[in-house]
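Summary of structural features
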Amino acid sequence: MRRFAGKATKVLIVSAIMTACLAVSALAADIGIGVGATTGSSLRLRSEPSTSSTTITYLDKGVAVSILAKLDGWYKVSFEGYTGYVSADYLIEDQDGVFTSYGRINSDGVNVRAAASTDSDVAAALSKDTYLTVNGFTGGWYSVTCKYGTTGYVRSDFVDLTTDSSSGSEMGKKVVSTAKQYLGTRYVYGGASPSGFDCSGFTMYVYQQYGYSLPHTATGQWQSSSGTKVSRSEIQPGDLVFFCDPSRSNGKACSHAGIYIGDGQFIHSSSSRSGGVIISSLYDDYYNTYYVGAKRLG
């Protein structure tokens, strides 16, 4: 019995060690090995390293992503809390470890260290969803600057790279996140569901998820008593944006609507040849010319 118990104890110890090793390996799998920048617009982040796999979300051009692994023709990356694969044809690896992006802390009680090591002094402790500026990458750690000027290092698995600097309300950010889920959905005149949207049907549907009842016309949403009109310089993620092309408005105040997502871009359901739910720039010649205004509901 004693010998059997001894063997059982050894088995348990070995099992515990293996479990611990697996846990460390699982954790290490989330630590970045580098940083890359996307080179293509509306780049698909895929669930598997294959062009036939499903699309998780889309990445804009020039976005910084954390590289988790390198495969044959693909990179495993993470961005804004999503993890997936992008083609190596559309990603450039950072070579000097110096770049600028934004980051969001994804866990509570995350330490900012004085050096890129868990043995170094703690400069600050950050709570979940705290935003900071990421200045570089070294050995699995990001060099960061916190909101009030504290600088240091945070291990990369505790930071989600993002294009969002935290400007805007929490609801606005949630609205943008919801809207992006429908990228690629086809354009359907009069549509107001995930099977197909027109422009105002898209904005109406997204905001309906947050308790708002909007009219199913761009002009109706612009002229509705819901929300507050804001100047172009004050626009924040989640705000509705409106346009009026006289050739398409039939004399109405607006002919098109979308949702601002930050960095001069908005998401909308377009009837153009490459239409459906897409992301466009407010500074595009067409949209800049016919811009009417913005409205904040949250």
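Anyway, here's the lowdown on the structure attached to this text. Because the structure is a prediction, the values reported are computed rather than measured. (Residues numbered from 1 in each chain as written. Predicted model: local features only at pLDDT ≥ 70, side-chain atom pairs only at ≥ 80, totals over all residues. Heavy atoms only, no water.)

Here the focus is empty space enclosed by the protein. Rolled over the atoms, a probe sized like a water molecule indicates the empty space that remains. Within the structure shown, the criterion is met by one cavity of 30 Å³ or more. Considering the residues around the largest cavity, the lining is formed by 10 residues, among which Ser169, Gly172, Pro237, Asp239 and Arg296 are closest to the centre. (1 Å grid on protein atoms, 1.4 Å probe; cavity = no way out; pocket = protein on both sides within 12 Å on 5 of 7 lines; lining within 4 Å. Points joined across faces, edges and corners; volume = space filled by probe spheres on them.)

Burial analysis of helix H3 (residues 199–208) places nine of its 10 residues in the buried class, the great majority of the element. By the burial criterion, the buried members of H3 are Cys199, Ser200, Gly201, Phe202, Thr203, Met204, Tyr205, Val206 and Tyr207. (Buried < 20%, exposed > 50% of the residue type's maximum accessible area, 1.4 Å probe, protein only. Helix = DSSP H or I, 4+ residues; strand = E, 2+ residues; numbered from the N terminus.)

Time to look at the packing of helix H2 (residues 170–180) against H3. Where H2 meets H3, the closest approach of the two axes is 10 Å, and the angle between their N-to-C directions is 125°. By the criterion of interaxial angle, the relationship of H2 to H3 is oblique. Considering how the two elements wind past one another, H2 and H3 form a crossing that is right-handed. Here Met171, Val175, Thr178 and Ala179 of H2 lie close against H3, whose contacting residues are Phe202, Val206 and Tyr207. (Axes fitted to C-alpha atoms, helices over the stretch in contact; angles between N-to-C directions. Parallel < 35°, antiparallel > 145°, perpendicular 65-115°, else oblique. Left-handed = near helix turned anticlockwise from the far one by under 90°. Contact = heavy atoms within 4.5 Å.)

Counting 28 residues, the largest nonpolar core has Val77, Val86, Val134 and Tyr142 as its most contacted members. Excluding its chain neighbours within four sequence positions, the residues that come into contact with Val134 are Phe99, Thr100, Ser101, Tyr102, Gly103, Tyr142, Ser143, Val144, Val159 and Leu161. Judged by nonpolar contacts, the second largest core, of 25 residues, contains Val176, Tyr205, Tyr207 and Ile267. (Core = buried A, V, L, I, M, F, W, Y, C linked by side-chain atoms within 4.5 Å.)

We now examine the layout of surface pockets. In this structure, the second largest pocket occupies an estimated 540 Å³ of space. Lining the second largest pocket are 23 residues; nearest its centre among them are Tyr187, Tyr189, Cys199, Ser255 and His256. When residues of the lining of the second largest pocket are traced back to their parent elements, those giving at least two are H3, helix H4 (218–223), helix H5 (246–249), strand S20 (265–270) and helix H6 (285–289). Looking at the lining of the second largest pocket element by element, the count peaks at three residues for S20. Taken together, the residues that form the lining of the second largest pocket break down as seven nonpolar, 13 polar and three charged. (Nonpolar A, V, L, I, M, F, W, Y, C, P; charged D, E, K, R; others polar.)

Pairing in this open sheet of six strands is antiparallel, and the strands run S17-S22-S18-S19-S20-S21 from one edge to the other. Both edges of this open sheet fall to strand S17 (228–230) and strand S21 (276–281), since each of them pairs with a single strand only. Recorded for the sheet is a direction-independent mean angle of 35° between the axes of neighbouring strands. Summarising the sheet, S17 and strand S22 (residues 291–296) pair through three bridges and their orientation is antiparallel. For Thr228, the partnering residue across the bridge sits in S22 and is Arg296. Packing of H2 onto the sheet brings it into contact with strand S19 (256–262) and S20, and relative to S19 it is tilted by some 115°. On top of the sheet, H3 reaches strand S18 (240–243), S19, S20 and S21; it is set at about 50° to S19, its chief contact. (Pairing = 2+ DSSP bridges.)

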